[in-house]
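# A closer look at the structure
As a plain string of letters, each chain reads:
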Amino acid sequence: MLARILVVIFSIITLSTSLSIQSFAQEEITLHSEAALLMDGKTGQVLYEEQGHKQMYPASITKIVTGIMALEMADPEERVTISKKSTEVEGTSVYLLEDEEVSLQRLVQGLMINSGNDAGHAIAEHIADSEEEFSEKMNEFVRKKTNVENTNFTNPHGLFNENHYTTAYDMAEITRYALRNDDFRNIVSTKEMEWNGEGWETDIYNHNRMLWRYEGAFGVKNGFVQMSGFTLVTAAERDGHELIAVVLKSGTAEQSYQDTEKLLDYGYKAYDQETLPEGKEFSSEEGTLFYAPHEIKFSLKKGAEPGFNVEDEEKGLLKIKDGNDEIYEVYLPKRNKESLKKEKEGLETESAERELKYSDWTKWPSSSKAG
């Protein structure tokens, strides 16, 4: 047992020394926005924030919630009949006509790409009969799926209401959840598309200019109403490192873009993405071994060496620290005889499958091999 513990300790030391050894002096970030937050899109680590938990008015970034709810709570191919009320919603529109039939997928595209308030209202009526009922479902949805606590929605599109509010942190968490959905990711990353509606035939262009301005940006949504100022949620990915930036109440659209670029630049300049390999073992103080069941990625400041500590003997809570600061935590399964047996059986099955595929291939005619 002692030998195995020493092996684990040596492995942890080896991992630590293999991480980035570049030094980085944290720079001052001056932002125009009243609230801002930068989050690791995979782990939820907060890498930077200014008033990240202050309640603010979101404007059209509200549609992130409406969009993901539509894709998860109904079939995107369902046909939606547009009501007169939907055609009368004020603000940005995709010019839906009363009694027009549109697929739910199409409405989400109009909602997220062209910021159509009419599309948002039509989605709400389709899923919940009314905006009021849909708003209740929105609040239930975000609390259940993301555990956010400082958000309350009163409509599906973000038009101003004093009881319609969120925080930079909550919007980052909501976005992190939404981006797990591939259809959502594809829609918010669409720069332009044809729109062939009964009332409007044109090419629509994504209102989020970060898709053109920032390398690696693939979404998500911008917004504006007078009381909220300019709001913007942006997701970007470079070399597999995904970041989410949220800025609230900027004075102009350009300032929201500039602030977002500063946040993302800071994230990629100040942090590396580190990986605990699948199968990596960690020992608790009592000597119980735990292991990573899959690759575990996390953000770490450049030049920092992480510390690892299993703090829950029963649940295997691994806490990762940068010096004295805890930066991430994850639960790990125990490395017991049963897990070793399953792993061995899995490896043997995989090996047998590879051998079967190879043996079958070698029996094919030579012309088949050439393809």
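Bear in mind that the values here come from a model prediction, so they are computed numbers and not experimental data.

Before going further, it helps to examine the pattern of salt bridges. Following the criterion strictly, the structure yields 15 salt bridges and no others. Two residues, Lys 54 and Glu 34, come together in a salt bridge whose shortest N-O distance is 2.5 Å. Placement of Lys 54 in the loop between strand 2 (46-50) and helix 2 (63-73) and of Glu 34 in the loop between helix 1 (2-18) and strand 1 (35-40) is noted, with a sequence separation of 20 residues between them. Bridged by salt links that share partners, the residues Lys 42, Arg 185, Glu 237 and Glu 242 form one connected network.

Another point: unusual backbone geometry. Of note, the bond from Gly 219 into Val 220 is cis; its omega dihedral lies within 30 degrees of zero at 20°. Inspection of the secondary structure assignment puts Val 220 in strand 7 (residues 217-225). The phi angle at Asp 129 is positive, at roughly 75°, despite the residue not being glycine. If you trace the backbone, Asp 129 turns up in the loop between helix 5 (117-128) and helix 6 (131-146). We classify Asp 129 as exposed; its relative accessible area is 62%.

Here we come to the packing of helix 2 against helix 7 (residues 168-178). Between helix 2 and helix 7, the least distance of the axes is 10 Å, while the angle of their chain directions is 30°. Judged on the interaxial angle alone, helix 7 and helix 2 are roughly parallel. When the axes of helix 2 and helix 7 are compared, the crossing they make is left-handed. Residues Ile 64, Val 65, Ile 68 and Glu 72 of helix 2 lie in contact with helix 7, whose contacting residues are Met 171, Ile 174, Thr 175, Tyr 177 and Ala 178. Along the lines of polarity and charge, the residues of the contact of helix 2 with helix 7 split into seven nonpolar, one polar and one charged.

So, about the nonpolar core. Of all hydrophobic cores here, the largest spans 55 residues; its most connected members are Ile 64, Leu 107 and Phe 184. Setting aside anything within four residues of it in sequence, one finds Leu 107 in contact with Val 80, Ile 82, Leu 96, Val 102, Ala 119, Ala 122 and Ile 123. Counting residues in hydrophobic clusters, the runner-up holds 21 residues, among them Leu 38, Met 210, Leu 243 and Ala 245.

Our focus in this paragraph is the packing of aromatic side chains. Counted according to the given criterion, the structure contains seven aromatic pairs. Plain terms: the ring middles of Tyr 95 and Trp 200 are 4.9 Å apart, the flat faces sit at 70° to each other, and that makes the pair edge-to-face. Of this pair, Tyr 95 sits in the loop between helix 3 (84-87) and strand 4 (101-103) while Trp 200 sits in the loop between strand 5 (192-196) and strand 6 (201-205), and the two are 105 residues apart along the sequence. Both rings, one in Phe 141 and one in Tyr 177, keep their centres 5.9 Å apart while their planes meet at 75°; by these two values the pair is edge-to-face.

Residues of the protein with pLDDT of at least 70 account for 83%, and the chain-wide mean is 87. This model gives residues 1-26 a pLDDT under 50, and the stretch forms 37 contacts once residues within four places in sequence are excluded. Within the model, pLDDT remains below 50 along residues 354-371, and this stretch shows three contacts once partners closer than five positions in the same chain are excluded.

Turning our attention to helix 5. Between the first and last C-alpha of helix 5 there are 16 Å, a value that for 12 residues agrees with the 16 Å anticipated at 1.5 Å per step. Counted residue by residue, helix 5 has 11 buried out of 12 residues, so it is predominantly covered. For helix 5, the set of buried residues is Asn 117, Asp 118, Ala 119, Gly 120, His 121, Ala 122, Ile 123, Ala 124, Glu 125, Ile 127 and Ala 128. Looking at the buried residues of helix 5, the elements they touch are helix 2, strand 3 (79-81), helix 3, helix 4 (104-113) and helix 6. Following helix 5 by one or two positions, Asp 129 adopts a phi angle in the positive range, close to 75°.

Cut-off values and rules
- Residues numbered from 1 in each chain as written.
- Predicted model: local features only at pLDDT ≥ 70, side-chain atom pairs only at ≥ 80, totals over all residues.
- Heavy atoms only, no water.
- Salt bridge = Lys/Arg side-chain N within 4 Å of Asp/Glu carboxyl O.
- Helix = DSSP H or I, 4+ residues; strand = E, 2+ residues; numbered from the N terminus.
- Buried < 20%, exposed > 50% of the residue type's maximum accessible area, 1.4 Å probe, protein only.
- Axes fitted to C-alpha atoms, helices over the stretch in contact; angles between N-to-C directions.
- Parallel < 35°, antiparallel > 145°, perpendicular 65-115°, else oblique.
- Left-handed = near helix turned anticlockwise from the far one by under 90°.
- Contact = heavy atoms within 4.5 Å.
- Nonpolar A, V, L, I, M, F, W, Y, C, P; charged D, E, K, R; others polar.
- Core = buried A, V, L, I, M, F, W, Y, C linked by side-chain atoms within 4.5 Å.
- Phe/Tyr/Trp six-rings, centres within 6.5 Å; stacked < 30°, edge-to-face > 60°.
- pLDDT = per-residue confidence, 0-100.
- Expected span 1.5 Å × (residues − 1).

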